[in-house]
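Chain by chain, the residues run as shown.
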Amino acid sequence: MDEVAEFAEHRPRLFGLAYRMLGEAAEAEDVLQDAYLRWAASGPVEVPVAWLTKVVTNLCLSRLSSARARREKYVGPWLPEPIPTDDGRLGPLETVEQRESLSFGVLMLLERLTPPERAAFVLREAFGYRHAEIADVLDIDEAHARQLYRRAREHVGEPRRRFTASPAHREEIVLRFIAAATEGDVAGLEKLLAEDVVSWSDGGGKVTAARRPVMGPSNVARMICGLAAHPRAAGMDIELRTVNGRPAVVLSEAGALYMVLAFEFADDRVAALHSVLNPDKLAYAAAHGM
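Fair warning: this is a prediction, and the values are worked out from it, not measured in the lab. Counting starts from 1 at the beginning of each chain's written sequence and moves along it residue by residue. Residue-level local features of this predicted model are given only where pLDDT is at least 70; pairs of side-chain atoms are given and counted only at 80 or more, and the full residue set underlies all totals for whole chains, interfaces and linings. Here the side-chain values reflect all heavy atoms present in the structure, with hydrogen atoms and water set aside.

Here's the deal with the overall build of the protein chain
The numbering of helices and of strands both runs from the N terminus, where a helix is a DSSP run of H or I of at least 4 residues and a strand a run of E of at least 2. For the protein chain, the count of helices and strands is twelve helices and six strands. We compute the radius of gyration over the C-alpha atoms and compare it with the globule rule, which gives 2.2 Å times the number of residues raised to the power 0.38. Relative to the globule expectation of 19 Å for 290 residues, the C-alpha radius of gyration of the protein chain, 20 Å, shows essentially globular dimensions. The principal-axis extent of the C-alpha atoms belonging to the protein chain is close to 60 × 40 × 40 Å. The cut-offs for exposure are 20% and 50% of the maximum accessible area for each residue type, with area from a 1.4 Å probe on protein chains only; residues under the lower value are buried, those over the upper are exposed, and the others partly exposed. Looking at the protein chain as a whole, 48% of its 290 residues qualify as buried. Contacts: residue pairs with any heavy atoms within 4.5 Å of one another. At a minimum sequence separation of 6, the contacts of the protein chain that also span at least 24 residues come to 66%. For the area figures, the Shrake-Rupley method with a 1.4 Å probe applies, and any residue is considered shielded solely by the protein chains shown. Summing over all exposed atoms, the protein chain offers an accessible surface of approximately 13500 Å²; the carbon and sulfur share of this is 51%.

Printed below as a string of structure tokens:
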């Protein structure tokens, strides 16, 4: 197998790793480009996937410090870039851990971690690496790798609430959400929301969006119904897609992607809403069929 074909074989897994590390699709693509250039210049490698995983992880670690500085100056809440996950571009999503590590909720929690903690968490949770393998990737001893993972789990929180119903059940809740919002049914919408529901909006200062999280079922329901009643909403197309492993509502205006609204669930209700409106954050999704 030539080097191009071999890199292409591992690409979905590597992109999934870089995206989980950075929360940004464009940055993840840049990392893979850098990794490929190193791969092409490296000569024969005994275990390609291990070599590439180490290179991608360390390239991400180098970028995370500058990314954190940018996010501290970000206008309003920072959310990850939405990624369609119904086409295999993020590698295997066979386990609960693999799917959950892509969710907006978990990716936002990972912002609390130091870069090495984030790497240890992602490699362990999403890819099932043993502590000894994580130690090799990060060039540390195994005891240190265990400590990084333990601290990461403490910061992220355990147990994290998980919604175990079928995808069909989740889609049903989202469809009921859309119906209540478009009908202006505030009371019906409230019934779908958890008591501690939070709505986050990311406009990045580029478009109008709430700059603080909206909390509580009454406040969130009224906000959503108000937005749905806006005259501009009447001309938008609504599509249900799978984004970051969860059902999401995709809004388009005149054929252009306008917003991705991603859902987090707990106890058969919507626990969090993540609205991405910043056009820079939507560019990757728009370019890949969303």
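Now that the structure has been shown, we can carry on.
Remarks on the sheet that holds strand 5 (residues 256-266)
Taken in spatial order, the six strands line up as 2-1-6-5-4-3 in an open sheet, and their pairing is mixed. Edge strands, defined here as strands with exactly one partner in the open sheet, are strand 2 (214-215) and strand 3 (236-243). Axis lines are fitted through C-alpha atoms, for helices just across the contact stretch, and the angle between N-to-C directions can take any value from 0 to 180 degrees. The sheet strands contacting helix 11 (residues 217-228) are strand 1 (193-202), strand 2 and strand 6 (269-276), and the helix crosses strand 1 at an angle near 45°. Contacts from helix 12 (residues 279-287) reach strand 1, strand 5 and strand 6, with the element oriented near 95° to strand 5. Here, a strand pair is defined by DSSP locating no fewer than two bridges between the strands.

Digging into unusual backbone geometry
Backbone geometry places aspartate 139, a non-glycine residue, at a positive phi of 60°. For aspartate 139, the position within the fold is in the loop between helix 7 (131-138) and helix 8 (142-156). Positive phi, normally seen in glycine, also occurs at asparagine 244, with a value near 50°. Locating asparagine 244 in the fold gives a position in the loop between strand 3 and strand 4 (246-253).

Comments concerning the pairing of strand 6
In terms of burial, strand 6 is a largely internal element, seven of the eight residues being buried. Direction of pairing for strand 1 relative to strand 6: parallel, over a ladder of six bridges. Residue pairing for strand 6: serine 199 is matched across the bridge by leucine 273. In terms of strand pairing, strand 5 meets strand 6 through seven bridges, oriented antiparallel. Within strand 6, the residue paired with alanine 266 across the bridge is arginine 269. Hairpin connection from strand 5 to strand 6: two residues lie between these consecutive antiparallel strands, with aspartate 267 at a positive phi of about 55°.

Notes on helix 1 (residues 3-22)
The seven residues ending at a residue and the seven starting there each receive a fitted axis; the angle between those axes is the bend at that residue. Remark: the principal bend of helix 1, roughly 50°, maps to arginine 11, with a proline, proline 12, within the next four residues. Those residues of helix 1 that fall on the buried side of the exposure criterion are Phe7, His10, Leu14, Phe15, Gly16, Leu17, Ala18, Tyr19, Arg20, Met21 and Leu22. Close packing links the buried residues of helix 1 with helix 2 (25-42), helix 3 (48-72), helix 4 (96-100), helix 5 (104-109), helix 6 (115-125) and helix 12. The first or second residue beyond helix 1 is glycine 23, which carries a positive phi of 75°.

Some words on the packing of aromatic side chains
Any Phe, Tyr or Trp ring, taking Trp's six-membered ring, that has another such ring centre within 6.5 Å forms a pair; planes under 30 degrees apart are called stacked, those over 60 apart edge-to-face, and the others tilted. Taken as a whole, this structure holds seven aromatic pairs when the rule is applied. On the basis of an interplanar angle of 20° and a centroid distance of 5.7 Å, the ring pair of phenylalanine 15 and tyrosine 284 is categorised as stacked. With phenylalanine 15 in helix 1 and tyrosine 284 in helix 12, this pair connects stretches of sequence that are 269 residues apart. Exposure class is identical for phenylalanine 15 and tyrosine 284. Each is buried. Site record: aromatic cluster; members linked through ring pairs are Phe15, Tyr19 and Tyr284.

Digging into the nonpolar core
By size, the foremost hydrophobic cluster in this structure holds 46 residues, and its most contacted members are Met21, Val31, Val56, Leu110 and Phe121. Ranked by residues supplied to this core, first place goes to helix 1 with eight residues. Residues Val197, Val220, Met236 and Val270 belong to the second largest nonpolar core, which totals 25 residues. Among buried residues, the Ala, Val, Leu, Ile, Met, Phe, Trp, Tyr and Cys ones that are joined through side-chain atoms within 4.5 Å form a nonpolar core.

A closer look at the pattern of salt bridges
Throughout this description, the term salt bridge denotes a Lys or Arg side-chain nitrogen within 4 Å of a carboxyl oxygen of Asp or Glu. Tallying each qualifying case throughout the model produces 17 salt bridges. The partner of arginine 150 in a salt bridge is glutamate 154, with the nearest N and O atoms 3.1 Å apart. Of the two residues, arginine 150 and glutamate 154 both sit in helix 8, four residues apart, roughly one turn of that helix. Note on arginine 150: relative accessible area 42%, which makes it partly exposed. A salt bridge links glutamate 264 to arginine 246, with the shortest nitrogen-to-oxygen separation between them at 3.7 Å. Of the two residues, glutamate 264 is situated in strand 5 and arginine 246 in strand 4; the sequence distance between them amounts to 18 residues.

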